Structure formats: structure tokens, C-alpha cells
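The lines below spell out each chain.
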Amino acid sequence: RKEVEQDPGPFNVPEGATVAFNCTYSNSASQSFFWYRQDCRKEPKLLMSVYSSGNEDGRFTAQLNRASQYISLLIRDSKLSDSATYLCVVPLGGADGLTFGKGTHLIIQP
Amino acid sequence: GAGVSQSPRYKVAKRGQDVALRCDPISGHVSLFWYQQALGQGPEFLTYFQNEAQLDKSGLPSDRFFAERPEGSVSTLKIQRTQQEDSAVYLCASRELAATGELFFGEGSRLTVL
């Protein structure tokens, strides 16, 4: 089993809809996880940190489920500008290695 | 600028050539990471520095890959005898602290090996 798994999509969602996707991980004792956003041919940028209690920032909500070993990202009232690849990041292994999932490709359609 | 700077942005190499990719992190950032990102994939961890010390190089795919950060700031990723499978975007990221915090990425160096 891969250490960090994401559904690659693409998720085709109409503008204004709510979309959610999960990221499962094999094992981590870390307290913090991350969602990064990557636009086409650009570098990844931090979207949200995910703590044990979850995190909400405007239209975005991230949650951590330790028992089932997954983190989720919920986007409400989606905008065209939300179209991007969303990368889940899990601290695994030693030396603070941050392991990225392959990303979920989201397309918001007008 | 104040961000992570990488050069060259684009590099085309003939198979067998050596290449060197440079990363200039955000000033004062302790941690520096190199990642390799193939088309349609997420970034794959290569190596990690804390100041000048290379604490983890477990992700380097072969002994043709070598990274250094001799003065704890600028880092160079060197690939010897390049192969076609080395074609990818090489991303550098820095982080202010040693063990936690946001990764700030450079725009990457896109390597194409012919």
C-alpha cells in the first residue's frame, strides 16, 4: 500500500457546488498535516494546515480522522478559480520528511 | 525577491551529460528540501538539509544524484550521466524552522533529457 493515497480525479464540479475529497495515509504519529494547492505548471502553495481538531478557513474545511487514517478537504460554494490540483501532505519517516500524495485534480465548470 | 529562487528554470540535456540545479532559499530558513515531480505525479522527496547538514538523502534515486548545501544557504542538486527517466521538474522548498512550519517552494527547474 502506498503511504499517501489520493483519488486522482478529475473531479468535474459545477460552479457553486460543494466538493470533498479524502487522502488516506499508512502511518503517522504526527500532529499536523497539510493540504497544498498546485496550479498547472506552477509550484505547490500551502492551502491549509490540518490539526487534530480540524481547521476551517472561509469556504475551506479540513479534517483529520486518526482512527481511519485519513484527512479530508471540503470546498463550499466552489469558484472557477478553485480549479487546481490539491496535494495532501503527511509527515512520514525520519528527518521531517514530508510525503506528498499524487494530488486530486479539480475542475470547476461554469 | 523574497521567495525561493531556482535556476535554471529550463534545462535540456543530452543523455549522459551532467547537470547542476541551483536553489536559493528564503534568507534565514533553516530547512531545505529537494523534490522531484514527474508529469501528473505529486512531488517525490529526494533529500533534506538542516542548515549545512544533509540529514536525509533516502529519496535520491541513485548514486548519480548528489546534493550539497555547504554554507547552509544556497543548495545545488547535481545529476551525473543523465538518463531519460531523470526528466522531471525539480522543486526546491525551504522552511523557516527545523521541524515544523510551511514549506515555501521555488518555481522549479524543468529538466528534459533527450
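Residues numbered from 1 in each chain as written. Chains lettered and ligands numbered in written order. Predicted model: local features only at pLDDT ≥ 70, side-chain atom pairs only at ≥ 80, totals over all residues. Heavy atoms only, no water.

## Looking at the pairing of strand S11 (residues 109-113) of chain B
Residue and element names in this part refer to chain B. Every second residue of S11 is oriented toward a common face, the buried set being Ser 109, Leu 111 and Val 113 and the non-buried set Arg 110 and Thr 112. Sheet topology note: the strand S2 (residues 10-13)/S11 ladder contains four bridges and is parallel. Note that in S11 the partner of Val 12 across the bridge is Thr 112. Strand direction decides the pairing type here: strand S9 (residues 88-95) and S11, joined by three bridges, are antiparallel. Opposite Tyr 90, over in S11, you have Ser 109 as the bridge partner. (Buried < 20%, exposed > 50% of the residue type's maximum accessible area, 1.4 Å probe, protein only. Helix = DSSP H or I, 4+ residues; strand = E, 2+ residues; numbered from the N terminus. Pairing = 2+ DSSP bridges.)

## Things to note about the interface of chain B and chain A
Listed by partner, the interface residues are 22 residues for chain B and 15 residues for chain A. Note on chain B versus chain A: buried area summed over both sides is about 1600 Å², and carbon and sulfur give 52% of it. Inspection of the chain B/chain A interface yields zero salt bridges. Applying the counting rule to chain B against chain A returns four residue pairs in polar contact (both at pLDDT 80 or more). Listing elements by their share of the side of chain B that touches chain A, those giving two or more residues are strand S4 (31-37), strand S5 (44-50), strand S6 (53-56) and S9 of chain B. A per-element tally of the side of chain B that touches chain A places S4(B) first, with three residues. Here the side of chain B that touches chain A is composed, by residue class, of 11 nonpolar, six polar and five charged. (Contact = heavy atoms within 4.5 Å. Buried area = accessible area lost by both parts, 1.4 Å probe. Salt bridge = Lys/Arg side-chain N within 4 Å of Asp/Glu carboxyl O. Polar contact = N/O pair within 3.5 Å; in protein donor to acceptor, adjacent residues only side chain to side chain. Nonpolar A, V, L, I, M, F, W, Y, C, P; charged D, E, K, R; others polar.)

## Observations regarding the environment of Thr82(B)
All names here are of chain B. Structurally, Thr 82 can be placed in the loop between strand S8 (75-79) and S9. For Thr 82, a relative accessible area of 0% translates into the label buried. C-alpha separation for the pair Thr 82 and Phe 65, spaced 17 residues apart in sequence, amounts to 9.3 Å. Those residues in contact with Thr 82 that sit more than four places away from it in its chain are Ala 13, Lys 14, Arg 15, Gly 16, Gln 17, Val 19, Arg 64 and Val 113.

## Considering the nonpolar core
Residue and element names in this part refer to chain A. Counting 23 residues, the largest nonpolar core has Phe 21, Trp 35, Ile 71, Leu 73, Ile 75, Tyr 86 and Leu 106 as the members making the most contacts within it. Secondary-structure elements contributing two or more residues to this core are strand S3 (19-25), strand S4 (33-38), strand S5 (45-50), strand S7 (60-65), strand S8 (70-75), strand S9 (84-91) and strand S11 (104-109). When sequence neighbours within four positions are dropped, the list of residues in contact with Leu 73 reads Val 19, Ala 20, Phe 21, Trp 35, Leu 47, Met 48, Phe 60, Thr 61, Ala 62 and Tyr 86. (Core = buried A, V, L, I, M, F, W, Y, C linked by side-chain atoms within 4.5 Å.)

## Here's the deal with the state of the cysteines
By definition, a disulfide links the sulfur atoms of two cysteines through a covalent bond. On inspection of all chains with the given rule, the structure shows two disulfides over all chains. Covalently, Cys23(A) is tied to Cys88(A) through a disulfide, its sulfur atoms 1.9 Å apart. Measuring the twist about the S-S bond at about -60 degrees, one finds the Cys23(A)-Cys88(A) disulfide to be left-handed. Of this pair, Cys23(A) sits in strand S3 while Cys88(A) sits in strand S9, and the two are 65 residues apart along the sequence. Comparing Cys23(A) with Cys88(A) shows no difference in burial state: the two are buried. Here Cys23(B) is linked by a disulfide to Cys92(B), with a sulfur-sulfur distance of 1.9 Å. Between Cys23(B) and Cys92(B) the disulfide shows an S-S torsion of about -65 degrees. By sign, it is left-handed. One end of the pair, Cys23(B), is in strand S3 (residues 19-24); the other, Cys92(B), is in strand S9, and 69 residues separate them in sequence. Each of the two residues, Cys23(B) as well as Cys92(B), counts as buried. (Disulfide = S-S within 2.5 Å.)

## What about the sheet that holds S3(A)?
All names here are of chain A. In space, the five strands of this open sheet follow the order S1-S3-S8-S7-S6, with antiparallel pairing throughout. The sheet is open, and its two borders are formed by strand S1 (4-6) and strand S6 (55-57), each paired with just one other strand. When strand polarity is set aside, the average angle formed by the axes of neighbouring strands in this sheet is 15 degrees. Pairing of S3 with S8, which is carried by six bridges, proceeds in the antiparallel orientation. Looking at the pairing, Ala 20 lines up with Leu 74 of S8. (Axes fitted to C-alpha atoms, helices over the stretch in contact; angles between N-to-C directions.)

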